[in-house]
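The lines below spell out each chain.
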Amino acid sequence: MDAARYAELFRTESQEQLAEINRALLSLEQDADAAHAVTTLFRAVHTLKGMAGSMGYTALAEFTHELESLFERVRSGDLIVTPELMDAFFGAVDALEQGVERAQEGGGGVPAMVPVLEQLHELAGGRATSEYRAFQHTMEHAIPLAAAHSVDDAEGILVRVRQSSDAMLPGVRAYMAIEKVRALGTVTAVSPTPDVLQQATTPQAFALRVVTTADAATLEAAIRSAGEVAEVHVATGPGRTRPTVEVPVAVEQSTPGTRAARHVRIETERLDALTDLVGELVIARGRLVQLTAGIGDARVDEVVQTTARLVSDLQREVMTARMVPVWQVFDRFPRMVRDAARQLGKEVEFIVEGKEIELDRSLLDEIGEPVVHLLRNAIDHGLESPETRVAVGKPRTGRLTLSALRDRASVLIRVSDDGKGIDREKVLRRAHAMGFVDPSVTVFDDDALFRCIARPGFSTADQVSDLSGRGVGVDAVQARVRELGGSVELRTMPGMGTSLTLRLPSTLAIVRALLARSGAEHYALPLTHVRETVEATADAVQSMQGRPVLVLRDEVMPLLLLRDVVRQPTGEGREIVVLERGERRVALLVDELTGQQEIVVKPIDAVRDGLAIFSGATILGDGAPALILDVGSLL
Amino acid sequence: MASTVLICDDAIFMRTMVGDILQQAGYEVVGEAETGAQAVEKYKQLRPDLVTMDIVMPDMGGIDAVREIVKFDPAARVLMCSAMGQQALVVEAIQAGAKDFVVKPFQPSRVLEAVQRVLG
């Protein structure tokens, strides 16, 4: 395993610990006597310290050491939890998070750590320890230890050098130091490279490896004799040493009853590559099935069938491997909600439901930001101030719920609040004023309302914050969700609250789709949105107020012509697909339905450029390209 | 017995200044040179424990002078006096056999540190 891999492991593990720390801080804030939370904090910070130390991330190790001491004092009852202390702890965790992100660059030292620790020490009674002074010193002279990792593959003893912060012509000093080492043995690697070092005009930290019989003391003395050296670290022990990290196995660190399975960590890129290959395989299978269909040889048919089944199994396994529970992203929201609520002077009870629902990793990464947006909007515009709530007879504390639930092939992510709801009249007036809706329209249902506030022009209009409802960035949220092949639904009740639901395919890369032909072109309709298909008979297709409609059983719904949608000149229009999203339905008249197929979704630029009717493209079994219709935009 | 020093610089001001710093610290300035050629000649004659050598001097620069001196006495201890921004020249001087360097404007403490390293 190379250093980069350790670094990646460190990062992933640390993020888990950070999530744990945030969770524990939140429960500590709610209950200052929460012994369990303090123990968790202490342990998580301790784990981080150990890992940072093993990686040689000095600043990070020292910073976590400080936090550990403070948590120890909380645990022993020496330090009393106050709101100010909690704020400072939260601030420290933010700094820690930044440090983890930048651990490889400078030992994890980030500027934010210094004021945060100062504040903590002040609140804790100003007991600056000798370790704290060591930390301050490290922060002043943070050594980028990345250098040490890049000489990992060479033979010899690892030597790390940091020059004095006031070194003159440090490049020359570095050159001299390396020459001094050369006089004692063979230098096998230097990082940064000697050329780069020699050009340096600011004091440097560098690492080298040397094969030598000289002992550590001799090496150190030689390097110091080059002048202006602040720190030399010669790895002890014979020859090459590597940084090591204890990788905790999931079993060890799990709390009782959760996550008991053993796990292997896989880089996301590797998983993506695997998914791409499976996607190609699925396309090839489609072609194989088509090409061999007419051969009429039972043995060929059998092999093709077996292959097809194996590809399906493989695909399912890969897709399952990509699934991660939503808590991996949801877990950071309580903290964000807390901060936003405090900032906006709201009292919020935040409830998270369906944490265990699984979603494709890449989708989950993508929805984090939109969900943050919706949560913020709900706190800012949806929930009333405590005083207002009391005045209208509601509980003082607002309720904000984030839930994940599975619905057939979709996963629904819903943000709902019990706030004041969106003021329809106000949105309608604004929409009239801006010319977004015809003045004759006087009734707005939820979908029309949503279409209106999700219009880019609407949300960027002035006075947005004055709107008693959403509007801020809803267009961005919708655009993102559409790119992912999903849709957004809005429900709002005056005085009762608002909910926004993101409907997402549970896997991103491969979806089942119905293929429809218009003229010579094929289009894919994701099955998530297909309700049923019917034949286009004279009974079914009628006209109402000059517009075509489909009469299906007792229901009447608008009928769109695929050839109009995709601007084909002619078409036969023999079959109809009923598409639905939420409670809205629309019928689509197509020339022919040519089958169902698993398609590999490839993003297309048109989606980003705002071409509203397509959400992506795919390649069909016969090798022909097909565009994927965005059902949401048809409704 | 105090260590002996030969100071080489084309500017009187610099020679005086370096001389003062060293004398105040108890070193004995046994000679001064204004050019590289003079420095080589005086080194052979005086055999000082230490030479301070300006890099840019007329009639043989400091680097060539270092080469000549080291050729004559491989154990010679030469301290280069450089201006800021002369990295490449300093490296060349070190390669020629100089032991250390100080950067102008001189700070007495730094000069003495370097002298001690060289003589140490």
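Here we summarise the structure given alongside this text. This structure is a prediction, so every number in the text was calculated from the model and none was measured.

**Quick notes on the overall build of chain B**
Tallying secondary structure elements over chain B gives 5 helices and 5 strands in all. Sequence-ordered secondary structure for chain B, helices as α and strands as β, is β-α-β-α-β-α-β-α-β-α. Among the 120 residues that make up chain B, the fraction classed as buried is 53%. The long-range fraction of contacts in chain B, counting pairs at least 24 apart against all pairs at least 6 apart in sequence, stands at 62%. Carbon and sulfur atoms form 52% of the exposed surface of chain B, whose accessible area is close to 5,500 Å².

**Description of the overall build of chain A**
Scanning chain A from N- to C-terminus turns up 25 helices and 22 strands. Within the span of chain A, comprising 635 residues, buried residues form 49% of the whole. Excluding contacts between residues fewer than 6 apart, the proportion of contacts in chain A whose partners are at least 24 apart in sequence is 69%. Summed over its atoms, the accessible surface of chain A is roughly 29,700 Å², and 52% of this surface lies on carbon and sulfur atoms.

**Things to note about the sheet that holds strand β21 (residues 614–619) of chain A**
All names here are of chain A. Taken together, 5 strands build an open sheet; the order of strands is β20-β12-β13-β22-β21 and the sheet is mixed. Edge positions in the open sheet fall to β20 (592–600) and β21, since each of these has one partner strand only. Adjacent strand axes in the sheet meet at a mean angle of 35 degrees, parallel and antiparallel pairs treated alike. Of the strand pairs in this sheet, strand β12 (residues 510–518) and strand β13 (residues 521–526) are connected by 6 bridges, and their pairing is antiparallel. Pairing of Ala513 across the sheet is with Pro526, part of β13. Across the face of the sheet, helix α13 (residues 268–292) comes into contact with β12, β20 and β21 while running at roughly 150 degrees to β20.

**Overview of the environment of A:Val38**
Residues and elements named next belong to chain A. Along the chain, the position of Val38 falls in helix α2 (residues 35–55). Along the chain, Val38 and Leu28 lie 10 residues apart, while their C-alpha atoms are 7.1 Å from each other. If we skip the residues at most four places from it in the chain, Val38 touches Leu28, Phe71, Val74 and Arg75.

**A look at the interface of chain A and chain B**
Facing 17 residues of chain A, the contacting portion of chain B comprises 15 residues. When the two sides are added together, the surface that chain A and chain B hide from each other amounts to roughly 1,300 Å², 63% of it contributed by carbon and sulfur. On the chain A side of the contact with chain B, A:Met168, A:Leu169 and A:Tyr175 bury the most area, a combined 43% of that side's loss. Here chain A and chain B share 2 salt bridges between them.

Rules behind the numbers
- Residues numbered from 1 in each chain as written.
- Chains lettered and ligands numbered in written order.
- Predicted model: local features only at pLDDT ≥ 70, side-chain atom pairs only at ≥ 80, totals over all residues.
- Heavy atoms only, no water.
- Helix = DSSP H or I, 4+ residues; strand = E, 2+ residues; numbered from the N terminus.
- Buried < 20%, exposed > 50% of the residue type's maximum accessible area, 1.4 Å probe, protein only.
- Contact = heavy atoms within 4.5 Å.
- Areas by Shrake-Rupley, 256 points an atom, 1.4 Å probe, with all protein chains shown as cover.
- Pairing = 2+ DSSP bridges.
- Axes fitted to C-alpha atoms, helices over the stretch in contact; angles between N-to-C directions.
- Buried area = accessible area lost by both parts, 1.4 Å probe.
- Salt bridge = Lys/Arg side-chain N within 4 Å of Asp/Glu carboxyl O.

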